[in-house]
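# Tertiary structure, described
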Amino acid sequence: MEQIEVQTEFAKDALHGLSAKPKYLSSKYFYDDRGSQIFQDIMRMPEYYLTDCELEIFQTQKRSIFEEFVKSSDGFELVELGAGDGLKTKILLTHFLNQQVDFRYAPIDISRVAIENLVNDLNKQIPDLKVKGRIGDYFELMKEIEINGYSRKIILFLGSNIGNYSPEESISFLDNLKAVMQNQDMVFIGFDLKKESHIILNAYNDPHGHTAAFNLNLLQRINTELDANFDLNNFSHKELYNSDSGTAKSYLMSKIAQEVNIQSLDKTIHFEDGEKVFMERSQKYDLEMINKLAEKSGFEIVRNFFDQRQYFVNSLWKIK
Ligand SMILES: C[S@@+](CC[C@H](N)C(=O)[O-])C[C@H]1O[C@@H](n2cnc3c(N)ncnc32)[C@H](O)[C@@H]1O
């Protein structure tokens, strides 16, 4: 497995975000070892409906998904960007293998522990599966997606990971993806759909405190890796949802006026009482937004797979 260096980039991005007005931190840094563990707790809580929806889609529609993926007898490289623990993907992997199609699974994740655990699990649970895990930023690694002798690739981007990006960032992400795709390749994207505000807010303002812990863990990571002195008790998690735009945003709010020292950056950051640090966007979509996104980025929708409640859609795209 290959590892790319993100440590200095972390310092640079933390400095940039905490010096900005308004302050922000990049959500890609959530996933250190502890952050990846907390995210698994989030995925497994009943309020985080996204996991159940995508599980339901894969369990009930894996045959149709397979038919769309395997239109010809050619094998394929199945690349997954931000694979996490692969909980839902394993349903597809097992089904595909049972259909005796030739493919290799190539998960990419920025979290070392996520990829190591996933590859170990797969070797034990699905020993016949060909797997090549890679650790690093998918923006970097997607430039060198290999197809390992296969004539085509299918790229998975699940869990509404795309919702973490602004409309402009999503288009630039999809442009980069298109640049490494050929006409016969496809991308399968999970989108969380707009729904009643309270359902969305419950998923992020969860009663177990996992989402708060997940956000606060990034301050802990700055403490550990950049030698800072954030007191986590002086910050609280806040989630806001705009039902018109469909944008949910996570913030950490300073409970008091305070100074935080980041020693390795030789920088003191001042926080006002009540000042917010923007942590993560979780965009919710309607079909018009998804159609527009596909169109603007030069893709065409092959087929949409919805869960029964129409909370979520997995959308299969090819280049237009
Ligand atoms: C929202 S989770 C989704 C996990 C999985 N796809 C799922 O649906 O359960 C996001 C995953 O993407 C990974 N990730 C986030 N930003 C990344 C980046 N820039 N490069 C590679 N992996 C990234 C995280 O480590 C995490 O495992």
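Conventions adopted
Residues numbered from 1 in each chain as written. Predicted model: local features only at pLDDT ≥ 70, side-chain atom pairs only at ≥ 80, totals over all residues. Heavy atoms only, no water. Core = buried A, V, L, I, M, F, W, Y, C linked by side-chain atoms within 4.5 Å. Buried < 20%, exposed > 50% of the residue type's maximum accessible area, 1.4 Å probe, protein only. Helix = DSSP H or I, 4+ residues; strand = E, 2+ residues; numbered from the N terminus. Domains from an automatic or database assignment. Contact = heavy atoms within 4.5 Å. Pairing = 2+ DSSP bridges. Axes fitted to C-alpha atoms, helices over the stretch in contact; angles between N-to-C directions. Buried area = accessible area lost by both parts, 1.4 Å probe.

### Thoughts on the nonpolar core
Among the nonpolar cores identified, the biggest contains 69 residues, and Phe 69, Leu 78, Phe 96 and Ile 222 are the most heavily contacted of them. For this core, the leading source of residues is helix α3 (residues 49-69), giving nine residues. Here this core gathers at least three residues from each of two domains, domain 1 (7-27 + 212-283) and domain 2 (49-193 + 285-319). Setting aside its immediate chain neighbours within four residues, Phe 69 contacts Leu 78, Phe 96, Arg 152, Ile 154, Leu 156, Met 186, Phe 188 and Leu 316. Counting residues in each nonpolar core, the second largest holds 29 residues, with Tyr 165, Phe 191, Ile 290 and Ile 319 among its members.

### Some remarks on the sheet that holds strand β12 (residues 276-283)
Taken together, the four strands give an open sheet; going across it, the order is β1-β12-β9-β8, and neighbouring strands pair in mixed fashion. Whereas interior strands pair on both sides, the edge strands pair on one side only; in this sheet they are β1 (23-24) and β8 (235-242). As defined by bridge partners, strand β9 (residues 247-254) adjoins β12 across seven bridges and the pair is classed as antiparallel. Its bridge partner lying in β12, Ser 250 is registered against Glu 280. Across the sheet, helix α8 (residues 197-204) is in contact with β8, β9 and β12; its angle to β8 comes to roughly 155°.

### Structural notes on unusual backbone geometry
Pro 22 follows Lys 21 through a cis peptide bond whose omega is -5°. Here Pro 22 lies in the loop between α1 (7-19) and β1. The residue Ser 160 is not glycine, and still its phi comes out positive at about 55°. Positionally, Ser 160 belongs in the loop between β6 (153-157) and α7 (167-179).

### Here we look at the domain arrangement of the chain
For the chain, the assigned domains are domain 1 (7-27 + 212-283) and domain 2 (49-193 + 285-319). Between domain 1 and domain 2, the residue contacts involve six residues of the former and nine residues of the latter. Here domain 1 packs against domain 2, burying approximately 540 Å² in sum over the two surfaces, 40% of which is carbon and sulfur. Area buried by domain 1 at its contact with domain 2 is led by Glu 280, Arg 281 and Gln 283, which between them contribute 81% of it.

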